[in-house]
Amino acid sequence: KQWYQRRVVITAGNDNLIASACDDGLVRLWNITDERHVEPNHAPVQTLQGHNKRVGGLMWHPSAENIVASSSYDNTIRLWNAETAQEVSSLSSFTNQITDMSFSGDGSRIAATCKDKKLRIFDSHTGEVAVEGPGHENMKVSRICILKDEKIFTAGFSSMSSRCVRLYDARNLSAKLMELDVDSATGSLFPYYDPDLNLVFMAGKGDANIRFFELVDSQIHYLNQYMSSDAQRGIGMMPKRGLDTSINEIARAYKLNVAKKLVSVVPLKVPRQSKTFAEDLYPDTVDYNAALTAQDFIDGKNSMPKTAKFLDLQGARSTSKGFTAQSATNGVDNSAELKALKSEVEALKKDVADKKEAISTRDGTITTLQ
């Protein structure tokens, strides 16, 4: 395609629906089939149009079905009803490029980092700023996660250009609770938060390792790291339901290896001798079934995601197979207008056909005269 896909994300409860953020300012939604030997659909099932510059960030609402948020270089975050392609709300208090965003657990708030060196927490329904405070002093890219205990985790650069991670109180961003230096490398950091185990897996652009941190009592504790010799451009994480419990796999990273032009699969495991199911490693996690509909969220409702037993979730399958896009009519009957437009198109096609026939006749006459 002529547009470059900048980010691709899968929904929490639908294995057959993905969204892609593109440089042409559009967000596209795709239905992916499970069946083998079936030609995939190369056309998006829905297109979300509203940004006027490239889209750099994308995330699904944690508990409301088919609500997706996008951030753009036009310095806005927009929330969409993916079914109807309607914009639900817009967050526009930024003065520079948005570098990252994160939903709270119930989806009521969105935290964002920006190159203007500020942290902001928004009401996701109204788009109003609820809390604002200073962020990382360096203008390089910083990332953010809202934790389940009302804390904010950020990864970025200090005033001395060293990489560091920080904790903030989501109710008061005026001062950080803790800061931990990581190293002096120059690549931006990518944190991935696991609320079930309260862990953060963190990779760095250009790094060859993936670090693990545990968050306990407003403290960040370094645990361990996965080491390799291949530098990564970025990573993606397998949803919890896809993990292998027989090897105590607590996360699985898909590492983009640009030099070798491949994606490396990296299982992140807890070293234990026992191969029996470890309940402490696999607590209840997010269920396939959404807690809210898109309309519930639009009506102002919030909810934590539904949860299920880990083994029950692994044995289940998503009941949703993508979705069928609806037109954003806002309750207005557009059938008459659609019929008129179709008639106009047919008339134009007939006019073009008549003109082609006339041109052909005149070409024949010219040939005869010559």
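Described in the following lines is the structure provided in the data block.

Quick notes on the rules
- Residues numbered from 1 in each chain as written.
- Predicted model: local features only at pLDDT ≥ 70, side-chain atom pairs only at ≥ 80, totals over all residues.
- Heavy atoms only, no water.
- Patch = residues over 30% accessible without salt bridge, like charges linked within 9 Å, V, L, I, M, F, W, Y side chains within 5 Å.
- Areas by Shrake-Rupley, 256 points an atom, 1.4 Å probe, with all protein chains shown as cover.
- Salt bridge = Lys/Arg side-chain N within 4 Å of Asp/Glu carboxyl O.
- Helix = DSSP H or I, 4+ residues; strand = E, 2+ residues; numbered from the N terminus.
- Buried < 20%, exposed > 50% of the residue type's maximum accessible area, 1.4 Å probe, protein only.
- Pairing = 2+ DSSP bridges.
- Axes fitted to C-alpha atoms, helices over the stretch in contact; angles between N-to-C directions.

### Quick notes on a nonpolar patch on the surface
Right, so step 1: Among the surface-exposed residues, Leu256, Val258 and Val263 lie close enough to one another that they form a single nonpolar patch of about 240 Å² accessible area.
Right, so step 2: With respect to the helices, strands and loops of the structure, Leu256 is situated in strand 22 (residues 249-257).

### A word on the pattern of salt bridges
Right, so step 1: Under the defined criterion, the tally for this structure stands at 24 salt bridges.
Right, so step 2: Lys240 serves as the salt-bridge partner of Asp196, at 3.1 Å between the closest nitrogen and oxygen. Linking Asp196 in the loop between strand 17 (189-194) and strand 18 (199-204) with Lys240 in the loop between strand 21 (234-237) and strand 22, this pair joins segments that are 44 residues apart in sequence.
Right, so step 3: For Asp196, a relative accessible area of 23% gives the class partly exposed.
Right, so step 4: Overall, the relative accessible area of 17% leaves Lys240 in the buried class.
Right, so step 5: The salt bridge partner of Arg211 is Asp207, with a shortest N-O separation of 4.0 Å. A single burial state applies to Arg211 and to Asp207, both of which are buried.
Right, so step 6: Sharing partners across several salt bridges, the network here consists of Asp116, Lys118, Arg120 and Glu132.

### Notes on the sheet that holds strand 21
Right, so step 1: Taken together, three strands build an open sheet; the order of strands is 21-22-23 and the sheet is antiparallel. Both outer strands of the open sheet, strand 21 and strand 23 (262-269), are each paired with one neighbouring strand and no more. For this sheet, the mean angle separating the axes of adjacent strands, direction not counted, is 30°.
Right, so step 2: Relative to strand 22, strand 21 is paired through four bridges, and the arrangement is antiparallel.

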